[in-house]
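Residue strings, one per chain:
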Amino acid sequence: MKFFCPIPHWWNPLLDEGFRCFTKATSKSATLIAKAIRQEIFDATGLTASAGVSYCKFLAKIASDINKPNGMKVILPHEAPAFLEALPIGKFYGIGKVTASKLQRMGAYRSRSQGFARN
C-alpha cells in the first residue's frame, strides 16, 4: 500500500491518523490526492477514512472530523473566518471535553463568544 510507504513531510502520531503537507510535494490538487488516499485505504483494507483539506494543518485536522465517518471537508482560505466563528468550542483541535466545559461555563460556546475572540 502506497500510503504506508515513507513519504517526505508525512507525520503520523497515531496508528489511525496522519498528516501530510502537499504544498510543494506535487502539482496535483490536495483534494484529489485526499480522495485517492481514501480510496487506496478502502481498496487495501475495506476500511473507510475521513479527510480534511485546508491551507494549514490546524484547519485540516478540524475539517477531518467534520464529516466522519467516511467523509471529506475542504476549507478554503476565504471560508476559514466564517467556519471558525461558527465552530462549537469543543470542536477545536486541542480543546478536550474538560476544557470545553470550563469555557462554556465562562460563556464561550463558539469562537466568537463573548470574551473568547477579538471583536
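Here the structure is a predicted model, which means the values were calculated and not measured.

## Observations regarding the overall build of the chain
1) Next: Regarding its fold elements, the chain presents four helices and four strands.
2) Next: N-terminal to C-terminal, the α/β element order of the chain is β-β-α-β-α-β-α-α.
3) Next: When burial is assessed residue by residue, the chain has 26% of its 119 residues classed as buried.
4) Next: Long-range pairs, those at least 24 residues apart, make up 29% of the contacts in the chain with a sequence separation of at least 6.
5) Next: Surface summary for the chain: the accessible area is close to 8,500 Å², and the carbon and sulfur share equals 58%.

## Section: the packing of aromatic side chains
To describe a pair of aromatic rings, one takes the distance between the centres and the angle between the planes.
1) Next: Applying the stated criterion across every chain yields a total of one aromatic pair.
2) Next: Between F58 and F92 the ring centres are 6.2 Å apart and the planes differ by 35 degrees, which places this aromatic pair in the tilted class. Of this pair, F58 sits in helix 2 (residues 57–66) while F92 sits in the loop between helix 3 (80–86) and helix 4 (97–105), placing them 34 residues apart in sequence.
3) Next: Take F58: its relative accessible area is 36%, and that puts it in the partly exposed class.

## Brief notes about the pairing of strand 4 (residues 72–75)
Side-chain positions along a regular strand alternate between the two faces of the sheet.
1) Next: Pairing of strand 3 (residues 51–54) with strand 4, which is carried by four bridges, proceeds in the parallel orientation. The residue bridging V53 from the neighbouring strand is V74, located in strand 4.

## Side note on the confidence of the model for the chain
1) Next: Averaged over all residues, the pLDDT of the chain equals 78, while 76% of them reach at least 70.
2) Next: Strand 4 holds the highest mean pLDDT among the elements of the chain, 92, whereas strand 1 (residues 10–14) holds the lowest, 51.
3) Next: Within the model, pLDDT remains below 50 along residues 4–10, and this stretch shows 10 contacts once partners closer than five positions in the same chain are excluded.

## Quick word on the nonpolar core
Nonpolar side chains in soluble globular proteins tend to end up buried together.
1) Next: With 13 residues, the main nonpolar core has I75, F83, I89, F92 and I95 as its most contacted residues.
2) Next: For this core, the secondary structure elements donating two or more residues are helix 2, helix 3 and helix 4.
3) Next: At three residues, helix 2 tops the list of elements feeding residues into this core.
4) Next: Once residues within four sequence positions are removed from consideration, I75 is found in contact with V53, S54, Y55, L59, A63, A80 and F83.

## Side note on the pattern of salt bridges
1) Next: Under the defined criterion, the tally for this structure stands at one salt bridge.
2) Next: Residues K68 and D65 are paired through a salt bridge, measuring 3.1 Å at the closest nitrogen-oxygen approach.
3) Next: Overall, the relative accessible area of 52% leaves K68 in the exposed class.
4) Next: Its relative accessible area of 33% is what places D65 among the partly exposed residues.

The rules behind the values
- Counting starts from 1 at the beginning of each chain's written sequence and moves along it residue by residue.
- For this predicted model, a pLDDT threshold of at least 70 governs which residues receive local features, and a threshold of 80 or more governs which side-chain atom pairs are given and counted, while totals over whole chains, interfaces and linings are taken from all residues.
- Only hydrogens and water are set aside; all other atoms, that is, all heavy atoms of the structure, feed into the side-chain values.
- The numbering of helices and of strands both runs from the N terminus, where a helix is a DSSP run of H or I of at least 4 residues and a strand a run of E of at least 2.
- Residue burial is assigned from relative accessible area. The probe radius is 1.4 Å, only protein chains are included, and a residue is buried under 20% of its type maximum, exposed over 50%, and partly exposed in between.
- Only heavy atoms matter for contacts: two residues are in contact if any of them lie within 4.5 Å across the pair.
- Only the protein chains shown count as cover for residues, and all accessible areas are computed by the Shrake-Rupley method using a 1.4 Å probe.
- Between rings of Phe, Tyr and Trp, where Trp is taken as its six-membered ring, a pair exists when centres lie within 6.5 Å; planes separated by under 30 degrees are stacked, by over 60 edge-to-face, and by other angles tilted.
- At least two bridges found by DSSP between two strands are what make those strands a pair.
- You can read pLDDT as the predictor saying how much it trusts each residue, on a scale of 0 to 100.
- Nonpolar core, defined: a set of buried Ala, Val, Leu, Ile, Met, Phe, Trp, Tyr and Cys residues in which side-chain atoms within 4.5 Å join the residues together.
- The term salt bridge refers to a side-chain nitrogen of Lys or Arg lying within 4 Å of a carboxyl oxygen of Asp or Glu.

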